[in-house]
Every structure is written in C-alpha cells, then in structure tokens.
Amino acid sequence: MITLKLGELYLKIPNEGFRILIAIESGLHKYEYVPISYIHQKARISSEKMNSILNLLSSLKLIRRQIGSIVGYKLTYLGLNMISLSAIVRKGLVTAIGDLTNVGKESEIYEAIGPGNLRLALKFHMVGRRSFKKTERLRSYVLEQRTSNWFDESKISAQREYKALDILSKYTKYVSEVVGYNRNLVVMKYVEGVELYKIKELKNPETVFLKILEVIDIAYNKVGIVHGDLSEYNIIIKLPDEIPVLIDWPQYFDKNHPNANSYLKRDIYNVCTFFNKKYNSQLNCEEFFIKILKS
C-alpha cells in the first residue's frame, strides 16, 4: 500500500470532510465511538454525502469505524493532525508542507514553508505512544490536568510547549521561536543543526555549555520554570557557529513545584556530566547548580 505524504493527504480531504472530522472530535468527550446521528447533527451534511465522505476518511486512516448495533466512528491521531493542520493553514501560517523529518515517542515533526518562504517545523504532539507510567513520570501536569483521552493530553502538551517557548524566546535566542499552535500542533521556525549527542568535537565546548546554562538560568529565574528532561538528546547545535538550541519543553515544571529543584539539578548534571565525559571539560556541576539556585 502506498503511504501518502502529509500534504498529499491534506489535499484529498474535502471541506465537508473537515467538518465531519471536527464533529467526531467534539463527540469523543461523550462517546468512545461517535454515532452517525451525532455526526450528522453536528456536521449538517446530507446523509448520502456524509456516508460517502465517511468512507473516504476511513480509507485514508483518519477515522476508525465500529460496526455493531450502533455504527460509530472515532478519530485516529492522523485525523486529529489533519484538523490541527487545517486550522493553521486557514490562519495563513503555512503555505506548503514538506517531508517528515523526525519521529519521536510522543511527536512527529514535518518541514513546512510559511509566508515569505519562511522555513518552518510542524510538531504534532501525540501523547500516549509510550506507556502511561512513563508519560506520568515525565509530565508533571498529567495528574493535575487528567483528561478523558490521549487527544486532550496531546493538546495540553502542545499548548504548554507553545507557552514555554513563546515566553522563553523573549529572553533568549537559544530556544525555538514559535509561530503559532492549534490543538496538538505547534508551528515553529525550523532549526537547522545537529543533536548534541551526535557531535564528536566542539571547538569551544565550555562556551557552548555556558550558553546552555544561560537558558536554564533564564528559565528558572526569569520565567519560573524548569525543563525537567534536559540532556544531550534535546539540544541542537547550529553549525558552524556552535549555537545551541534547547528543544522539547512540554513537560516543564513550575519553579514552585515541590520537586522543581531536584529536576533543575538533574538537568544541569545531565548536560554538565556529558560535557565532562565527551569533551574532557572540567566543569563543576554542583557549583553551577548552586549558582542558579541562588541567583
């Protein structure tokens, strides 16, 4: 079976198809599988046309059908992604959609183009790909904002990341600059670089580390948050200037969280220890932790 690219898939969905997807989305708070009667009421499309579009959406893997005494439908993550993308396109933030560039445990990232040929990254949050225990451990808000389904938690995740990056980018250039978000999708300016863990040598490792530490300091002392899961795997280095960009912020902890300082220490030690081992730096991890804590 041929797998369609995201942009090709988007173009196959008629306007009524998006209305049906949104109708199903709205019914998921009441039903596991949304009845056709509910979809018909919300989408306001003739029964004959609606059945034809439902078959199309099902064939495109955007919805899943349940056959029983009552026929119903539920969204797939791909269906939710299409709704989010549609809203962003209508806002004029995206003019072209490119290839999939990264697949994480809880996200997918695509290249895109915005007005003025601005290069963008589309990050679709897809919480629940790993076990709930791991999600619960890494995301402090899961218990505080427990919702009825993974889609809602993906929307919360995207909203949190957008909020964190929007505030942080006012203080530092070492984070991704966001352009907008909708539901489970965050749109940001594309960062061209290499993950820190893949870089064998740096010309000035201590300088790079201090720039990373600067972001940790700003996040904690000016914005009031802690990344909470920082390591060499979510720091991108823009070459050849060796400019770090700290990514993946949805699981941040508020500074007033009872475990915030423990996570702050872990973030600093993760990066500091990596630099000491990989680049033979002589960094005092505890000293940097205490300095930020007492700033």
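Cut-off values and rules
- Residues numbered from 1 in each chain as written.
- Predicted model: local features only at pLDDT ≥ 70, side-chain atom pairs only at ≥ 80, totals over all residues.
- Heavy atoms only, no water.
- UniProt positions renumbered as here; feature names shortened; annotations may be inferred.
- Pairing = 2+ DSSP bridges.
- Helix = DSSP H or I, 4+ residues; strand = E, 2+ residues; numbered from the N terminus.
- Axes fitted to C-alpha atoms, helices over the stretch in contact; angles between N-to-C directions.
- Contact = heavy atoms within 4.5 Å.
- Disulfide = S-S within 2.5 Å.
- Buried < 20%, exposed > 50% of the residue type's maximum accessible area, 1.4 Å probe, protein only.

The chain goes by non-specific serine/threonine protein kinase in an unreviewed UniProt entry, where it is assigned to Fervidicoccus fontis. Check the Cofactor (unreviewed entry) section of the UniProt entry for the chain; it says "Mg(2+)". Of the comments in the UniProt record for the chain, the one headed Sequence similarities (unreviewed entry) reads "Belongs to the protein kinase superfamily. RIO-type Ser/Thr kinase family."

(A) Here's a closer look at the sheet that holds strand 7 (residues 178-182). Strand order in the open sheet formed by five strands is 4-5-6-8-7, with antiparallel pairing between adjacent strands. The open sheet has two edge strands, strand 4 (96-103) and strand 7, and neither has a second partner. Within this sheet the neighbouring strands show an average axis-to-axis angle of 25°, counted without direction. Bridge count for strand 6 (residues 118-125) against strand 8 (residues 185-189) is five bridges, and the pairing is antiparallel. Along strand 8, the bridge assignment pairs Phe124 with Leu185. Strands strand 4, strand 5 (107-114), strand 6, strand 7 and strand 8 of the sheet are contacted by helix 5 (residues 77-90), whose axis makes an angle of about 125° with strand 7.

(B) View of the state of the cysteines. A full pass over the atoms with the stated rule returns one disulfide. A sulfur-sulfur distance of 2.3 Å marks the disulfide that ties Cys272 to Cys285. Measuring the twist about the S-S bond at about -90°, one finds the Cys272-Cys285 disulfide to be left-handed. Taken together, the residues span a long stretch of sequence, with Cys272 in helix 10 (residues 260-278) and Cys285 in helix 11 (residues 285-293) at a distance of 13 residues. Residue classification places Cys272 among the buried residues on the basis of a relative accessible area of 0%.

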